[in-house]
Amino acid sequence: MLRFLTAGESHGKALIAILEGLPAGLTIDFDAITAELRRRQGGYGRGRRMAIESDRAEALSGIRHGVSTGAPIALQIPNKDWENWQRTMYVESEQPVDASGVDRPTVTRPRPGHADLAGVVKYGHDDIRDVLERASARETAARVAVGAIARQLLQLLGTDIVSHVVSIGSVSVADPLALGYDDVRAIRGDSPLHCADADVEQRMIAEIDRARDAGDTMGGSFEVIAHNVPPGLGSYVQWDRKLDGRLAQALMSIPAIKAVGIGRGPSAASLPGSRLHDEILPAAASVRSAVGVSRPTNNAGGLEGGVTNGEDLRVMGYMKPIATLMKPLRSVDLATMVESPATVERSDVCAVPAAAVVAEAMVGFVVAAAAVEKFGADSIDEFVANWRAFRDRTSARFVPR
């Protein structure tokens, strides 16, 4: 079973990820991991923290001579900003005499929309910093590092994962499903918001600028497309093995994501079945198909009954505005129970493009985990051989008779 855990705080010494269950023999491309971490730091609307950090994952175990050994892989992403926070975030019982940075005051004014209040209630903390440091989206850097390795496993199956921003505030691409994998793959790497429509992107930028000028924040939506996913991943036999449910949980676990859609998503509820369900036709000779049939549409988003069907896997994520406002909302100081403005922490105006990169990582991990379950083996050679055997058997079944 492929699984991972993360540890670390936003302004602590480092983030840690432990990835278990990766077959032995996968050559790890660390430059590709770094490239994904850099992508997460980009996007119009990000804050000053992104100019401080230069994320890079260091392997501590589970990799030897650049190749996975089958043992758990431990990754560490140092926090460069730790130098400025040692007097606030030290782990010892007493502050080290050589600690750098400044002594920051106790945080007692929770931010509406953040884990601040719920966290102090749950764990009994007096200082909200004990909550916000772990609840911070900084943790997602560790997920991106894990997802980058999962992507490298999926590349052996020919699977690729891309994403694009669909909306910022009220500005939206007309029909995301009208954009195919090739359209999204063709988006320039220096696109400020990684939106497929340049005109819409400029309107999105204006929306973010208006929010920044008002001391506000802005949310939006994005879509992740996994291309050339093997059919048959997931299962319909138990609720917790359905791949759409696992994908939804994975995306909803990303900070500020409030809804997830597969394929047509919420709009599927307003369409009659005759206009929604994807017809199944004999595949034309010129059409490449993993299961020997043609689907004129992909409203299902590549999943039927919790199982991949050979079409592109399409997952939408909907992100609320970030909870930290430069013009804070009303709150209560928990030390005095008197109305006070919410705490202001360093933050972004909009992080939808970054959330899309994190979502790519989470989709990649979930699909890779399902692939390991389906084609499971202890080594990469066995994994690939099992996939090829399944692919060939499936191709042989669906031929004209």
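This report concerns the structure included in the present document. Just so it is clear, the model here is predicted, and its values are computed rather than measured.

## Description of the sheet that holds strand β1 (residues 3-7)
Phase 1: With antiparallel pairing, 4 strands are arranged side by side in an open sheet as β1-β2-β6-β3. If you trace the sheet from one side to the other, it starts and ends with β1 and β3 (58-61), each paired once. The sheet shows a mean angle of 25° between the axes of neighbouring strands, taken without regard to direction.
Phase 2: Across 6 bridges, strand β2 (residues 14-20) lies against strand β6 (residues 73-78) in antiparallel orientation. Paired with A14 across the two strands is P78, which belongs to β6.
Phase 3: Against the sheet, helix α6 (residues 140-155) engages β1, β2 and β6, with an angle of about 35° to β2.

## A word on the layout of surface pockets
Phase 1: Taken as a whole, the largest pocket spans an internal volume of roughly 910 Å³.
Phase 2: Lining of the largest pocket is provided by 44 residues; of these, H114, S136, A137, R138 and I322 occupy positions nearest its centre.
Phase 3: Here the lining of the largest pocket gets 4 residues from one element, more than from any other, and that element is helix α5 (residues 129-135).
Phase 4: In terms of residue class, the lining of the largest pocket is made up of 20 nonpolar, 10 polar and 14 charged.

## Section: the sheet that holds strand β7 (residues 160-168)
Phase 1: Spatially, the 5 strands line up as an open sheet ordered β8-β7-β9-β15-β10, and their pairing is antiparallel. Each edge of the open sheet carries a strand with a single partner, namely β8 (171-172) and β10 (257-262).
Phase 2: Across 8 bridges, β7 lies against strand β9 (residues 220-227) in antiparallel orientation. Residue pairing in the sheet places S167 in a bridge with S221 of β9.

## Here's the deal with the pattern of salt bridges
Phase 1: All chains considered together, the criterion is met by 23 salt bridges.
Phase 2: Note that D31 is salt-bridged to R56, the shortest N-O span being 3.9 Å. Of the two residues, D31 is situated in helix α1 (residues 30-41) and R56 in the loop between α2 (49-52) and β3; the sequence distance between them amounts to 25 residues.
Phase 3: Residue classification places D31 among the exposed positions, given a relative accessible area of 54%.
Phase 4: Overall, the relative accessible area of 42% leaves R56 in the partly exposed class.
Phase 5: Residue R143 pairs with E139 through a salt bridge whose shortest N-O separation is 3.0 Å. E139 matches R143 in its accessibility class, with the two residues each being buried.

## Let's talk about the pairing of strand β15 (residues 313-319)
Phase 1: Most of β15 sits out of view: 6 of its 7 residues are buried.
Phase 2: Bridging between β10 and β15 involves 5 bridges; their strand directions are antiparallel. Counted as the bridge partner of I262 is V315 from β15.

## Overview of unusual backbone geometry
Phase 1: Even without being glycine, H65 reaches a positive phi, approximately 55°.
Phase 2: Tracing the chain through its elements places H65 in the loop between β4 (63-64) and β5 (67-68).
Phase 3: Backbone geometry at H194 places phi at a positive 55°, although glycine is not the residue there.
Phase 4: Tracing the sequence through the fold places H194 in the loop between α7 (181-185) and α8 (198-213).

## Quick word on the nonpolar core
Phase 1: Counting residues in hydrophobic clusters, the biggest one holds 85 residues, and the most contacted among them are I168, F222 and L313.
Phase 2: Element by element, the count of residues in this core is highest for helix α11 (residues 352-375), at 18 residues.
Phase 3: Setting aside residues no more than four positions away along its own chain, I168 makes contact with L193, M204, E207, I208, M218, G219, G220, C350 and V352.

## Quick notes on the environment of A74
Phase 1: Relative to the assigned elements, A74 resides in strand β6.
Phase 2: Relative accessible area serves as the criterion here: at 13%, A74 is assigned to the buried category.
Phase 3: Sequence spacing of A74 and L60 is 14 residues, and the spatial spacing of their C-alpha atoms is 5.2 Å.
Phase 4: Other than its neighbours up to four places away in sequence, A74 contacts A17, I18, E58, A59, L60 and S61.

## Focus on α1
Phase 1: For α1, built from 12 residues, the straight-helix expectation of 16 Å at 1.5 Å per residue is met to within 8% by its first-to-last C-alpha distance of 17 Å.
Phase 2: Positive backbone phi, at 105°, marks G43, one or two positions downstream of α1.

## Here's the deal with the packing of aromatic side chains
Phase 1: Per the stated rule, a full pass over the model turns up 3 aromatic pairs.
Phase 2: Centre to centre, the rings of F4 and F365 are 4.8 Å apart; their planes meet at 85°, and the pair counts as edge-to-face. Pair noted here: F4 is in strand β1 and F365 is in helix α11, with a separation of 361 residues, a long-range link. With respect to class, F4 is no different from F365; both count as buried.

## Overview of empty space enclosed by the protein
Phase 1: Taken as a whole and assessed by the stated rule, the structure comprises 1 cavity of 30 Å³ or more.
Phase 2: Considering only enclosed or pocket space, the largest cavity measures out at about 40 Å³ in volume.
Phase 3: Contributing to the lining of the largest cavity are R111, P112, A323, T324, L325, P328, L329, A342 and T343.
Phase 4: Looking at side-chain class alone, the lining of the largest cavity contains 6 nonpolar, 2 polar and 1 charged residues.

Cut-offs and rules
- Residues numbered from 1 in each chain as written.
- Predicted model: local features only at pLDDT ≥ 70, side-chain atom pairs only at ≥ 80, totals over all residues.
- Heavy atoms only, no water.
- Pairing = 2+ DSSP bridges.
- Helix = DSSP H or I, 4+ residues; strand = E, 2+ residues; numbered from the N terminus.
- Axes fitted to C-alpha atoms, helices over the stretch in contact; angles between N-to-C directions.
- Contact = heavy atoms within 4.5 Å.
- 1 Å grid on protein atoms, 1.4 Å probe; cavity = no way out; pocket = protein on both sides within 12 Å on 5 of 7 lines; lining within 4 Å.
- Points joined across faces, edges and corners; volume = space filled by probe spheres on them.
- Nonpolar A, V, L, I, M, F, W, Y, C, P; charged D, E, K, R; others polar.
- Salt bridge = Lys/Arg side-chain N within 4 Å of Asp/Glu carboxyl O.
- Buried < 20%, exposed > 50% of the residue type's maximum accessible area, 1.4 Å probe, protein only.
- Core = buried A, V, L, I, M, F, W, Y, C linked by side-chain atoms within 4.5 Å.
- Expected span 1.5 Å × (residues − 1).
- Phe/Tyr/Trp six-rings, centres within 6.5 Å; stacked < 30°, edge-to-face > 60°.

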